[in-house]
Amino acid sequence: MRRLEILRVEHRDLDSAISALVDSGAGDQMQVARLKKRKLRLRDEMTLLEDALVPDIIA
């Protein structure tokens, strides 16, 4: 569960960094794309961890 919180913080930080780069116009498109790709990988890892915490309930 600690890992999940770390991933959430990193995901938020990446979101802020991406916004700052786009708003300032200082970031090139490749850099922004790399950050977005990293953010998506974090989201996937967070989803896997969240799914492992919540058991499947068959109704």
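Structure first, text after, so check above.
Here's what I pulled together on the structure shown here. (Residues numbered from 1 in each chain as written. Predicted model: local features only at pLDDT ≥ 70, side-chain atom pairs only at ≥ 80, totals over all residues. Heavy atoms only, no water.)

### Description of the overall build of the protein
How we decide: Secondary structure elements follow DSSP: runs of H or I no shorter than four residues count as helices, runs of E no shorter than two count as strands, and numbering proceeds from the N terminus. We take the radius of gyration over the C-alpha atoms and set the globule estimate at 2.2 Å times the residue count to the 0.38 power. Exposed residues in this analysis have more than 50% of their type's maximum accessible area, buried residues have under 20%, and partly exposed residues fall in between, with area computed by a 1.4 Å probe over protein chains only.
Summing up its helical and strand segments, the protein has 2 helices and 0 strands in all. A globule of 59 residues ought to have a C-alpha radius of gyration of about 10 Å, yet the protein, at 15 Å, is considerably larger. Taking the principal axes of the C-alpha coordinates as reference, the protein spans close to 50 × 20 × 15 Å. With 59 residues in all, the protein has 19% of them scored as buried.

### Section: the nonpolar core
Which entries qualify depends on this criterion: Buried residues of nine kinds, namely Ala, Val, Leu, Ile, Met, Phe, Trp, Tyr and Cys, make up a nonpolar core once their side-chain atoms join them within 4.5 Å. Whether two residues are in contact is decided by their heavy atoms: any pair within 4.5 Å suffices.
Counting residues in hydrophobic clusters, the biggest one holds 5 residues: L4, L7, L14, L42 and M46. Every element with two or more residues in this core is listed here: α1 (2–24) and α2 (29–53). By residue number, the principal contributor to this core is α1, which donates 3 residues. Apart from residues no more than four positions distant in its own chain, L14 is found in contact with L35, R38, K39 and L42.

### Considerations on the pattern of salt bridges
Formally: Salt bridge, as used here: a side-chain nitrogen of Lys or Arg that lies within 4 Å of a carboxyl oxygen of Asp or Glu.
According to the stated counting rule, one finds 5 salt bridges in the structure shown. With its nearest N and O atoms 2.9 Å apart, the salt bridge here joins R8 to E50. Taken together, the residues span a long stretch of sequence, with R8 in helix α1 and E50 in helix α2 at a distance of 42 residues. Across the pair E10 and R38 runs a salt bridge whose closest N-O atoms are separated by 2.8 Å. Placement of E10 in helix α1 and of R38 in helix α2 is noted, with a sequence separation of 28 residues between them.

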